[in-house]
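Geometric and topological summary
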Amino acid sequence: MRTQVCIIGGGPSGLLLGHLLHLAGLDTLILERQSRAYVLSRIRAGVLEQGAVETLARAGAATRLEAQGFRHAGIELAAQNRSFRVDFRDLIDRDVVVYGQTEVTTDLYDARDRSGAPVLHGVEDVTLHDIDTDCPHVAFRHDGAHRSVACDWIVGADGFHGPSRQAIPRSVLRTYERIYPFGWLGVLSETPPAGPELIYANHPRGFALCSMRNEGLSRYYIQTAADEDPEAWTDEAFWDELRRRIPEPVAETMQIGPSIEKSVAPLRSFVAEPMRWGRLCLVGDAAHIVPPTGAKGLNLAVGDVHYLEEALRRAYDGDPSGVDGYSDRALARVWQATRFSWWLTMTLHRFPGASDFDQRMQEADLAYLETSRTAQRALAENYVGLPY
Ligand SMILES: Cc1cc2nc3c(=O)[nH]c(=O)nc-3n(C[C@H](O)[C@H](O)[C@H](O)COP(=O)(O)OP(=O)(O)OC[C@H]3O[C@@H](n4cnc5c(N)ncnc54)[C@H](O)[C@@H]3O)c2cc1C
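Numbers given for residues are sequential positions, taken from 1 along each chain in its written order. The predicted origin of the model limits local features to residues at a pLDDT of at least 70 and limits the giving and counting of side-chain atom pairs to 80 or more, whereas totals for whole chains, interfaces and linings rest on all residues. Side-chain descriptors were evaluated using all non-hydrogen atoms of the structure, hydrogens and water having been removed beforehand.

1. What to know about the overall build of the protein
In DSSP terms, a helix is any run of H or I states spanning at least four residues, a strand is any run of E spanning at least two, and both are numbered starting from the N terminus. Scanning the protein from N- to C-terminus turns up 12 helices and 20 strands. Once the C-alpha set of the protein is aligned to its principal axes, its extents read approximately 60 × 40 × 40 Å. Counting over 388 residues, the protein shows a buried share of 55%. Partitioning the intrachain contacts of the protein with sequence separation of at least 6 by distance along the chain shows that 72% fall at a separation of at least 24. For the purpose of charge, His is not counted, nor are the chain termini; Lys and Arg are scored as positive and Asp and Glu as negative. Note that the charge is assigned to NZ on lysines, CZ on arginines, CG on aspartates and CD on glutamates. Once the 40 positive and 52 negative side-chain charges of the protein are each reduced to a mean point, those two points are 2 Å apart. Remark: exposure states derive from per-residue accessible area (1.4 Å probe, protein chains only) relative to the maximum for the residue type, with buried under 20%, exposed over 50%, and partly exposed in between. In what follows, residue pairs with any heavy atoms lying within 4.5 Å of each other are defined as contacts.

Here is the structure:
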């Protein structure tokens, strides 16, 4: 087998890059370990930056998003039983779109289907070879048979646990990591959202977030231990704990109902450098992870795709400078989003051993944010996404 760009991973970054390259006239093959149904059932991100929406539109995969996504012009921040709004539109004249990652992935699979370009599901034992030569190849098993695909470029879009990053020699790869001592217990429920926009709450008992997917589907989170067993939480216990942590007017009026999904996500910041080695380029979670506090994971993946698609297109036009500069260009934006996600996480969560003083410092930080337009503007710029 031969293709121009072999993409390992059929999550949002692999699918989006594959489709943009296809539109640019390049041959791509996507190798995905899981079934399509499995990939489409993963409930993850829900907030899209404007740049991500524009990139999806460029791929022709934003028709449903534009019709069904919810434009949010701000967020609510809560502490000490009250909240205030950061108005993105007023501050910087931009907004974000609430549209679930499962929907984004569905739209990208539909676009890929329409193009007729291949995705192989259920591949096993993917290994990368000769990355530091001009003739790399990827070996794998599919339908019980050993196969190999020769290509010009390999793209590692295989998430945090995939094999691509590991293929970069230890002498080259540098990693930076912070593991936070807590996780988020998330519940999905078929109830109207607690408010028109996301509510991020700081509370001495721990962080809480009221989020949503659409008018009839809400996503709520509370900070718990990273190894919390979600099944140990009855719906009643979850709603009680959530309502203790958010301002009373919201807690008293919000509608609750049975959970239709419950899971715990650990929180971590992680960056791998470089994002390109030889003929291998990394995109998305394969290269970096952020805690979900700043809603940046999926958006960063789309940013990487934006840079890499342009770089590969130029490389096929005879200009290798884009690929040569890809890692530095992508990492500059990655580090900014990593800093923002880290800051918001530090400001909103209760850390083990935190004192009353620490709590007051967080509350002072939020009080300053409430009164300072300059501070709000900095938050707004980062939340809606720094320019590509
Ligand atoms: C539980 C959870 C909750 C999250 N919540 C949020 C949120 O609220 N907001 C936010 O912005 N971000 C969130 N994220 C992050 C966001 O979902 C990711 O940043 C986004 O999915 C990155 O897309 P990706 O395509 O790079 O990686 P993934 O979505 O991880 O896709 C990688 C793909 O590679 C495949 N793969 C892995 N190994 C192999 C292999 N050996 N061979 C072939 N294929 C392989 C995987 O099956 C997967 O389909 C969350 C992540 C998790 C895990």
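2. Points about the sheet that holds strand β3 (residues 47-48)
Strand order in the open sheet formed by three strands is β3-β7-β4, with antiparallel pairing between adjacent strands. Looking at which strands have only one partner, the edges of the open sheet turn out to be β3 and β4 (70-72). In the sheet, β3 pairs with strand β7 (residues 96-98) via two bridges, with the strands oriented antiparallel. Residue pairing in the sheet places Val 47 in a bridge with Val 98 of β7. One bridge is not enough; two strands pair if DSSP finds at least two bridges between them.

3. Quick look at the environment of Leu 128
Counting through the fold element by element, Leu 128 comes out in strand β9 (residues 124-129). Judged by relative accessible area, Leu 128 falls into the buried class, the value being 14%. Considered as a pair, Leu 128 and Ser 164 are 36 residues apart in the sequence and their alpha carbons are 7.1 Å apart. Discounting chain neighbours no more than four positions away, the residues touching Leu 128 are Ile 8, His 137, Ile 154, Pro 163, Ser 164, Ala 167 and Leu 280.

4. Some points on the domain arrangement of the protein
By the assigned domains, the protein splits into domain 1 (5-73 + 97-174 + 269-344) and domain 2 (178-267 + 349-384). Averaged C-alpha coordinates put domain 1 and domain 2 at centres separated by 29 Å. The interface of domain 1 with domain 2 comprises 24 residues on the first partner and 23 residues on the second. Buried area is calculated as the accessible area (1.4 Å probe) missing from two parts once they are joined, with the contributions of both summed. Taken together, the two surfaces of domain 1 and domain 2 that pack against each other cover about 2000 Å², and 61% of this comes from carbon and sulfur. Any carboxyl oxygen of Asp or Glu within 4 Å of a side-chain nitrogen of Lys or Arg constitutes a salt bridge here. Across the domain 1-domain 2 interface, the total number found is zero salt bridges. Polar contact criterion, stated in full: a pair of N or O atoms within 3.5 Å, where within protein one must be able to donate a hydrogen and the other to accept it, and residues adjacent in sequence count only if both atoms are side-chain atoms. Summed over the shared surface of domain 1 and domain 2, the result is six residue pairs in polar contact (both at pLDDT 80 or more). With five residues, helix α10 (residues 321-348) is the single largest residue contributor to the side of domain 1 that touches domain 2. Residue composition of the side of domain 1 that touches domain 2, by class: 13 nonpolar, seven polar and four charged. Those domain boundaries reflect an automatic or database domain assignment. The nonpolar class holds Ala, Val, Leu, Ile, Met, Phe, Trp, Tyr, Cys and Pro. Asp, Glu, Lys and Arg form the charged class, and all remaining residues, Gly among them, are polar.

5. Quick look at the site of the ligand
Around the ligand sit 29 residues, and of these Ser 13, Glu 32, Arg 42, Gln 101 and Asp 285 come closest. Here an oxygen atom of the ligand and a side-chain polar atom of Glu 32 are 2.6 Å apart. For the ligand, an oxygen atom lies 2.7 Å from a polar atom in the side chain of Gln 101. Burial of the ligand by the protein amounts to 85% of the accessible area it has alone, namely 990 Å². Among the elements of the structure, α1 (12-23), β2 (28-32) and α9 (297-316) are those that each provide at least two residues to the shell around the ligand. Its residues placed into classes, the shell around the ligand shows 13 nonpolar, nine polar and seven charged. Only a single heavy atom is needed: when it lies within 4 Å of a molecule or strand, its residue is near that molecule or strand. Here the Shrake-Rupley method, with its probe set to 1.4 Å, supplies the accessible areas, and only the displayed protein chains count as covering residues.

6. Looking at the packing of α10 against helix α11 (residues 356-371)
For helices, the fitted axis covers only the stretch in contact; all axes are lines through C-alpha atoms, and the angles between them, taken along N-to-C directions, range from 0 to 180 degrees. α11 packs onto α10 with a crossing angle of 120 degrees between their chain directions and a minimal axis gap of 8 Å. Between α10, through Trp 343, Met 346, Thr 347 and Leu 348, and α11, the contact on the second element is made entirely by Gln 362, Asp 365, Leu 366 and Leu 369. For the contact of α10 with α11, the class distribution of residues is five nonpolar, two polar and one charged.

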